[in-house]
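Single-letter residue listing:
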Amino acid sequence: MSLYVVSDKEELTKLAYHMILGVIHSKKEVTLGLATGSSPEGIYEMFRKSRPDVSHVTTVNLDEYIGLPADHEQSYAYFMKTQLFDHLNFKETHIPDGMNPDHEAECARYDAILAANVPDLQLLGIGNNGHIAFNEPVTDFELRTHVEELTQDTIDANSRFFETPDEVPTSAYTMGIKSIMEAEQILLIAMGTSKAEAIKAMVEGPVTEAMPASILKNHPNVTVLVDREAASLLEAVQNSSGGCGGGCCGDHHGSDNHSSGGCGSGGGCG
Ligand code: F6R
């Protein structure tokens, strides 16, 4: 896991955008795994402004609320359509169908799509509780697409997008950890103090199903891009007098979690 601490959200967004663009330009056929939520919004804005050709790019999204139709303003299908898909010429886009009442059939349908479209790069945010996609603590690392009951933490965090807390869906279809780990490359982004504890647990703690993002330490090609606030509880940041703004990097491997102190093979940062 290569960790990069940058000074702010703007710098993080630019780096992430250029890293994704590098993957888009690297091959004739590309699959991108995409995330929703506030973390990638700046990246999608950069895509809307620069409108690169993506006619060779297929996308697969991480998750969708169960019970929200695609035209509901808070559905992830609506988010992706308005933020990105309406503005660029993607070859194909895929997202779980939150209105399919047959959970088994929907999970099987989405798994078949994922099997045919393994991401060259999977973009991830991280929940305050360490979830990736909607794989909540404690999650089974072996699961593929499944229905996840959302934890109260997640429901509370997501209630900011809904008029009343009662409207927040309590379950979702989500890509499982097993599929996420099959991506060629993973880029996890996090900004703000609300992510600091999760980032610390992911980077410095053990690999455990109680901290879903910790599994990423077992993936051979993961870049973690965080701003100073999200990095604020990391030992390396706390021990450095001037802080880590502008590029404090390290490699964190497996559960023994050491830091090399130098910039790792971040695949596009630096
Ligand atoms: C979204 C997703 C979630 C979010 C996470 C962070 O598709 O799968 O795991 O990435 O909840 O959300 P934000 O970016 O809103 O803080």
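Please refer to the structure higher up on the page.
Residues numbered from 1 in each chain as written. Predicted model: local features only at pLDDT ≥ 70, side-chain atom pairs only at ≥ 80, totals over all residues. Heavy atoms only, no water.

Draft legend 1. View of the overall build of the protein chain. Assigned secondary structure in the protein chain consists of eight helices and 11 strands. Relative to its 270 residues, the protein chain shows a buried fraction of 54%. Counting contacts in the protein chain only where the partners sit at least 6 residues apart, residues at least 24 apart contribute 79% of the total. Total accessible area on the protein chain is roughly 11500 Å²; 49% of this is exposed by carbon and sulfur atoms. (Helix = DSSP H or I, 4+ residues; strand = E, 2+ residues; numbered from the N terminus. Buried < 20%, exposed > 50% of the residue type's maximum accessible area, 1.4 Å probe, protein only. Contact = heavy atoms within 4.5 Å. Areas by Shrake-Rupley, 256 points an atom, 1.4 Å probe, with all protein chains shown as cover.)

Draft legend 2. Fine view of the sheet that holds strand β8 (residues 171–174). Read from one edge of the open sheet, three strands run β4-β8-β7, paired in antiparallel fashion. The strands lining the two open edges of the sheet, one partner per strand, are β4 (63–65) and β7 (146–149). Ignoring strand direction, the axes of neighbouring strands in this sheet form an average angle of 30°. Two strands pair when backbone bridges link them, and β4 and β8 are joined in this way by three bridges, in the antiparallel orientation. Within the sheet, the bridge partner assigned to Tyr65 lies in β8 and is Ala172. (Pairing = 2+ DSSP bridges. Axes fitted to C-alpha atoms, helices over the stretch in contact; angles between N-to-C directions.)

Draft legend 3. Expanded view of the site of the ligand. Inspection of the region around the ligand gives 14 residues, with Thr36, Ser39, Asp63, His131 and Lys195 positioned closest. Side-chain polar atom of His131 to an oxygen atom of the ligand: 2.7 Å apart, as the coordinates give it. In the environment of the ligand, an oxygen atom lies 2.6 Å from a nitrogen or oxygen atom belonging to the side chain of Lys195. Contact with the protein chains removes 93% of the 410 Å² of surface that the ligand exposes when unbound. Here the shell around the ligand is built from residues that sort into four nonpolar, seven polar and three charged. (Near = heavy atom within 4 Å. Polar contact = N/O pair within 3.5 Å; in protein donor to acceptor, adjacent residues only side chain to side chain. Nonpolar A, V, L, I, M, F, W, Y, C, P; charged D, E, K, R; others polar.)

Draft legend 4. Expanded view of unusual backbone geometry. Put simply, Pro137 and Val138 share a cis peptide bond, and its omega is -5°. Looking at the element boundaries, Val138 is found in the loop between β6 (121–124) and β7. Phi angles above zero are rare outside glycine, and Arg51 is one such case at about 40°. Structurally, the position occupied by Arg51 is in the loop between α2 (41–50) and β3 (57–61). Non-glycine residue Ala133 carries a positive phi angle of around 50°. Assessed through its relative accessible area of 7%, Ala133 is described here as buried.

Draft legend 5. Seen up close, the nonpolar core. In this structure, Ile20, Leu32, Ile43, Phe47, Leu84, Leu187 and Leu225 are the most contacted members of the largest nonpolar core, which totals 42 residues. Within the residue set of this core, elements represented by two or more residues are β1 (2–6), α1 (9–24), β2 (30–34), α2, α3 (76–85), β6 and β9 (186–190). The biggest single contributor to this core is α1, with nine residues. In terms of nonpolar packing, the next biggest core, distinct from the first, is built from 35 residues, Leu114, Ile180, Ala190 and Ala213 among them. (Core = buried A, V, L, I, M, F, W, Y, C linked by side-chain atoms within 4.5 Å.)

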